[in-house]
Amino acid sequence: MTIEQLSRHPLIALAAPYDFALSISFWQLSTLELCEQWADGVYRRVIVHNGRPVVLSLHQAGTVDAPAVWAALDQQPATLEETQQLAPLVRQLLGDDADLAGFYEAVAHDPVMASLTQLLRGTRPPRSPAWETLCWVVIGQQISLPFARTLKTRLVQGYADSFDVAGRTLFHFPSPERLASVAVEALLPLQFSRNKASFIVGLAQAIVEERLDLLALTDMPTAQAVPYLMQFRGIGRWTAEFTLMRALGRRDALPANDAGVRQAIAALYGQRLAEPELRVFAQRWGDWQGTAALYLFSWLKTQRLAPQAAA
DNA sequence: TTCCAGGACGACA
DNA sequence: TGTCGTCATGGA
């Protein structure tokens, strides 16, 4: 399908450079295909629109240097009015405010990171809602990615609404209200540890009881948001930083204790660093350490996917 | 069998 | 404040 044909639809222009496919497939090994999907060049996620859950589909239209998407709601192309209404959310979902050019310039002095920015040019990982992200990250604490994925799948299969789209099942992540009412014991048969189950339920209850305000994170600098999150049981520094990086796209939020970050630095820079040393090491990226971490993750993803793609 | 995974918490010195 | 044991499972 050509751009001309696609241009029948109202377009949402995005900041360049932006590689839609590269960016969306970023989380392919973790959360993708449960609450968000990437198939046939289309990104799908369930959103609440005018008070009801609908399947939002984003179709690529444009190029890396002139990027744009067009939207559909429940498989029907959005009207001009709907597109205008959806544009801010779409831009937020796609991390359109991330200043990639600024990042590339800031790390140009680091040959390794500079080569990554060339290899992954236009990568701007999609963001997911803070509550959904926080749960994903808590689930992912300490366990392997495949097992984390198993737990995530069981959680959404048990507690999320599902939508059949293009022959696939798409889940709408359960709200805090839904998970706050779940008994910790009910998650144990899903192979959640008691700690992990109580963290998830407890955080949901904190939101319902308005002790935890994830919306307030938007207006907090990262240095304030990290200790704010860490007040709550189940959220350590890694979880706070990972959530801020993933959900809010904080360029200065570096999950320095992350095994993936350490692994990527060991592979690319030849240095196996513990958390304190890694934080010092990361100062070379200035306040772009979170964005740099995303590029390290993205590079790791290409390494992990390569053998599977060849198989 | 041991160690490591996209850790956090609580006890203890 | 820093260290260590514990939780919990799967895979290499």
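Computed from a predicted structure; not experimentally measured. (Residues numbered from 1 in each chain as written. Chains lettered and ligands numbered in written order. Predicted model: local features only at pLDDT ≥ 70, side-chain atom pairs only at ≥ 80, totals over all residues. Heavy atoms only, no water.)

Caption draft 1: View of the packing of helix H6 (residues 130-139) against helix H12 (residues 237-247). At their nearest, the axes of H6 and H12 sit 9 Å apart, and the two run at 140° to each other. Comparing their axes, H12 and H6 come out oblique. Pair H6 / H12 crosses with right-handed handedness. Mapping the contact onto sequence places Ala130, Thr133, Leu134, Val137 and Val138 in H6 and Trp238, Thr239, Phe242, Thr243, Arg246 and Ala247 in H12. Taken together, the residues of the contact of H6 with H12 sort by class into seven nonpolar, three polar and one charged. (Axes fitted to C-alpha atoms, helices over the stretch in contact; angles between N-to-C directions. Helix = DSSP H or I, 4+ residues; strand = E, 2+ residues; numbered from the N terminus. Parallel < 35°, antiparallel > 145°, perpendicular 65-115°, else oblique. Left-handed = near helix turned anticlockwise from the far one by under 90°. Contact = heavy atoms within 4.5 Å. Nonpolar A, V, L, I, M, F, W, Y, C, P; charged D, E, K, R; others polar.)

Caption draft 2: View of the protein's contact with DNA strand C. In the vicinity of DNA strand C, the contacting residues are Gln142, Phe147, Gln191, Ser193 and Arg194. Atoms of DNA strand C within 4 Å of the protein: sugar and phosphate make up 93%, bases the balance. Note that a phosphate oxygen of DNA strand C is positioned 3.0 Å from one of the side-chain N or O atoms of Gln191. Take Arg194: an N or O atom from its main chain is 2.7 Å from a phosphate oxygen of DNA strand C. (Near = heavy atom within 4 Å. Polar contact = N/O pair within 3.5 Å; in protein donor to acceptor, adjacent residues only side chain to side chain.)

Caption draft 3: Geometry of the environment of Leu58. Here Leu58 shows up in strand E4 (residues 52-60). Since its relative accessible area comes to 0%, Leu58 is described here as buried. Counting along the chain gives 20 residues from Leu58 to Trp38, while the straight-line C-alpha distance between them is 9.6 Å. Apart from residues no more than four positions distant in its own chain, Leu58 is found in contact with Phe20, Gly41, Val42, Tyr43, Val69, Trp70, Ala71, Val90 and Leu94. (Buried < 20%, exposed > 50% of the residue type's maximum accessible area, 1.4 Å probe, protein only.)

Caption draft 4: View of the pairing of strand E5 (residues 68-73). With six of its six residues buried, E5 lies for the most part within the structure. Residues Ala68, Trp70 and Ala72 point to one face of E5 and Val69, Ala71 and Leu73 to the other, with burial holding for every one of them. Sheet analysis places strand E1 (residues 12-13) next to E5, joined by two bridges and oriented antiparallel. Residue pairing for E5: Ala13 is matched across the bridge by Ala68. (Pairing = 2+ DSSP bridges.)

Caption draft 5: Local environment of empty space enclosed by the protein. Enumeration according to the criterion identifies one cavity of 30 Å³ or more in this entry. Taken as a whole, the largest cavity spans an internal volume of roughly 40 Å³. In terms of lining residues, the largest cavity is bounded by Leu14, Tyr18, Phe20, Gln60, Thr63, Val64, Pro67, Ala68 and Val69. For the lining of the largest cavity, the class distribution of residues is seven nonpolar, two polar and no charged. (1 Å grid on protein atoms, 1.4 Å probe; cavity = no way out; pocket = protein on both sides within 12 Å on 5 of 7 lines; lining within 4 Å. Points joined across faces, edges and corners; volume = space filled by probe spheres on them.)

Caption draft 6: Spotlight on the nonpolar core. Met113, Leu179, Leu212 and Trp285 are the most contacted members of the largest nonpolar core, which totals 77 residues. If we ignore the near neighbours within four places in the chain, the residues touching Leu179 are Trp131, Cys135, Leu155, Tyr159, Phe173, Pro174, Ile200, Val201 and Ala204. (Core = buried A, V, L, I, M, F, W, Y, C linked by side-chain atoms within 4.5 Å.)

Caption draft 7: Broad picture of the layout of surface pockets. Of the voids in this model, the largest pocket is the one considered here, and its volume is about 940 Å³. Residue lining of the largest pocket: 30 residues in total, with Gln92, Pro129, Ala130, Trp131 and Leu215 positioned closest to the centre. Considering every element that reaches the lining of the largest pocket, the biggest residue donor is strand E3 (residues 42-49), with four residues. Considering only residue class, the lining of the largest pocket consists of 17 nonpolar, five polar and eight charged. Viewed by domain, the lining of the largest pocket spans two of them, domain 1 (3-97) and domain 3 (130-237), each represented by three or more residues. (Domains from an automatic or database assignment.)

Caption draft 8: View of unusual backbone geometry. Along the chain, Ala16 connects to Pro17 via a cis peptide bond; the corresponding omega equals -5°. Phi at Asn50 takes a positive value of approximately 50°, unusual for a residue other than glycine. The residue Asn50 is located in the loop between E3 and E4 in this model. Overall, Asn50 belongs to the exposed group, its relative accessible area being 63%. The phi dihedral of Ala166 is positive, around 50°, even though this residue is not glycine. With respect to the helices, strands and loops of the structure, Ala166 is situated in the loop between strand E7 (161-165) and strand E8 (168-172).

Caption draft 9: Local environment of helix H11 (residues 222-230). By the burial criterion, the buried members of H11 are Thr222, Ala225, Val226, Tyr228 and Leu229. Down the axis of H11, the buried side of the element spans an arc of 165°, and every buried residue falls inside it. Those residues of H11 that are buried are in contact with H12. (Arc of directions from axis to C-beta.)

These figures come from the coordinates and say nothing about function on their own.
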